[in-house]
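# Observations on the model geometry
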Amino acid sequence: MAAWSAVLTTRRLLSLLLLSLVLGACSQPATGGDPATPSRTANSPTETADSATRTANTTTQAANTPVVVLDPGHNGGNASHPAAINRQVPAGRGRSKACNTTGTATAAGYPEHAFNLDVARRAGRRLTERGIEVGYTRTADDGVGPCVHERARIGNEREADAVVSIHADGSTDRGAHGFHIAYSAPPLNEAQGEPALRLVRALRDGMRGAGFPVAGYLGENGLSGRDDLAGMNLSTRPAALVECGNMRNPQEAAAMSSAEGRQRYAEAIAEGILAYLGA
Ligand code: ZN
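Here goes a summary of the coordinates provided. (Residues numbered from 1 in each chain as written. Predicted model: local features only at pLDDT ≥ 70, side-chain atom pairs only at ≥ 80, totals over all residues. Heavy atoms only, no water.)

Moving on, we come to the sheet that holds strand 4 (residues 133-136). Judged by pairing direction, the sheet is mixed, and its six strands sit side by side in the order 4-1-5-8-6-7 without closing on themselves. Each edge of the open sheet is held by one strand with a lone partner, namely strand 4 and strand 7 (223-226). Across the sheet, the axes of successive neighbouring strands diverge by a mean angle of 25°, strand direction being ignored. Alignment of strand 1 (residues 67-72) against strand 4, held across four bridges, turns out to be parallel. The residue of strand 4 that forms the bridge with Val-69 is Gly-135. The sheet contacts of helix 5 (residues 148-157) involve strand 1, strand 4 and strand 5 (162-169), and relative to strand 1 the element is tilted by about 170°. (Pairing = 2+ DSSP bridges. Helix = DSSP H or I, 4+ residues; strand = E, 2+ residues; numbered from the N terminus. Axes fitted to C-alpha atoms, helices over the stretch in contact; angles between N-to-C directions. Contact = heavy atoms within 4.5 Å.)

Structure follows, in structure tokens:
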């Protein structure tokens, strides 16, 4: 009896162990471009406030749940790691480029990398509430990188329906203001063609609909096709880069420096993505 009981207990323990391994695999973070986890698993939440909602969404996700990867530009540790950041990496079109850059800041010192991450998190929460599966290229603001080519790889490996990079500009012309959406042009693959253009226009319309002005100093009518953005060049998914505004413009700096302002940017970006997805 004792021996059978021990066997049964062992089998039960093994079952529980297997179950926990399966469940554990489902909650593995997919950030950092880990090639071992290319599946469409949800990112581990960095905040706990809405973790219950995220868990519920994860368990009910169907195979056709849209996947969006948000890419907050730069990182808080970049400035103190110049060797890592300046190493050359593939940039597409046969070129190479620095791994990453430090980004800009407002005149008062509020850094772009912090703005980008906060807006991405806020936009991600909004998308998650609407049933979208959201991944991030980074979820902390004290690290280094990832490099631009690694950021592109994360979106590619997640087979994202849309990849949206979030940035703010740093034009030294204080009067320059407004947002623009950058994308890869001329396109290097099918996703960079019409799908990316539809995403770009949806983001532009989302921003404009929320009352943000189109940049008058860059791009045309809020759009800017470029051949020098590695993350856009290397994307095999529909991708766009939102330059939310000019951090050196006093009015936009004030909006970007406030939580309320960042929520407005995030909601506008989320609305654009949702319109693109038809969600
Ligand atoms: Zn930037």
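As for its position among the elements, Ala-79 is in the loop between strand 1 and helix 3 (82-86). The exposed category is assigned to Ala-79, whose relative accessible area is 59%. Distance in space between the C-alpha atoms of Ala-79 and Thr-101 is 7.8 Å, their sequence separation being 22 residues. (Buried < 20%, exposed > 50% of the residue type's maximum accessible area, 1.4 Å probe, protein only.)

Let's shift gears to the coordination of the zinc ion. Note on metal sites: the ideal angle is 109.5 degrees for four tetrahedral donors, and 90 or 180 degrees for six octahedral donors. Distances from the zinc ion to its protein donors, His-74 (NE2), Glu-112 (OE) and His-167 (ND1), fall within 2.1 Å. Written as a sequence motif, the donor residues of the zinc ion are H-x37-E-x54-H. Within this pair, whereas His-74 is found in the loop between strand 1 and helix 3, its partner His-167 is found in strand 5, the two being separated by 93 residues in sequence. The exposure class of His-74 is buried, given its relative accessible area of 7%. (Donors = N, O, S within 2.8 Å, 3.2 Å for Na, K, Ca; no water.)

Right, let's talk about the packing of aromatic side chains for a bit. Any aromatic ring pair is given by two values, namely how distant the centres are and how the planes are angled relative to each other. Per the counting criterion, the structure on display carries two aromatic pairs. A ring pair is formed by Phe-115 and Tyr-265, whose centres lie 5.5 Å apart and whose planes are at 85°; its orientation type is edge-to-face. Taken together, the residues span a long stretch of sequence, with Phe-115 in helix 4 (residues 112-129) and Tyr-265 in helix 9 (residues 259-277) at a distance of 150 residues. Each member of the pair Phe-115 and Tyr-265 is classed as buried. Judged by centre distance (4.3 Å) and plane angle (15°), the rings of Phe-212 and Tyr-265 are stacked. (Phe/Tyr/Trp six-rings, centres within 6.5 Å; stacked < 30°, edge-to-face > 60°.)

The next point concerns the side chain of Glu-112. The residue Glu-112 is located in helix 4 in this model. An unpaired buried charge is present at Glu-112: no salt bridge exists, and Arg-138, the closest side chain of opposite charge, is 7.7 Å distant. Among the polar contacts listed, one links the side chain of Glu-112 to the side chain of His-74, at a separation of 3.2 Å. Ignoring sequence-local partners within four residues, the contact set of Glu-112 consists of His-74, Gly-103, Thr-104, Ala-105, His-167, Ala-168 and Met-247. (Lys, Arg positive; Asp, Glu negative; His and termini not counted. Salt bridge = Lys/Arg side-chain N within 4 Å of Asp/Glu carboxyl O. Polar contact = N/O pair within 3.5 Å; in protein donor to acceptor, adjacent residues only side chain to side chain.)

Moving on, we come to the pattern of salt bridges. The full count for this structure, using the stated rule, is 13 salt bridges. For Arg-204, the salt bridge goes to Asp-205, with nearest N and O atoms at 2.8 Å. Assessed through its relative accessible area of 40%, Asp-205 is described here as partly exposed. Three or more residues are tied together by salt bridges with common partners; here these are Asp-118, Arg-122 and Arg-262.

Shape descriptors only; they carry no functional weight alone.
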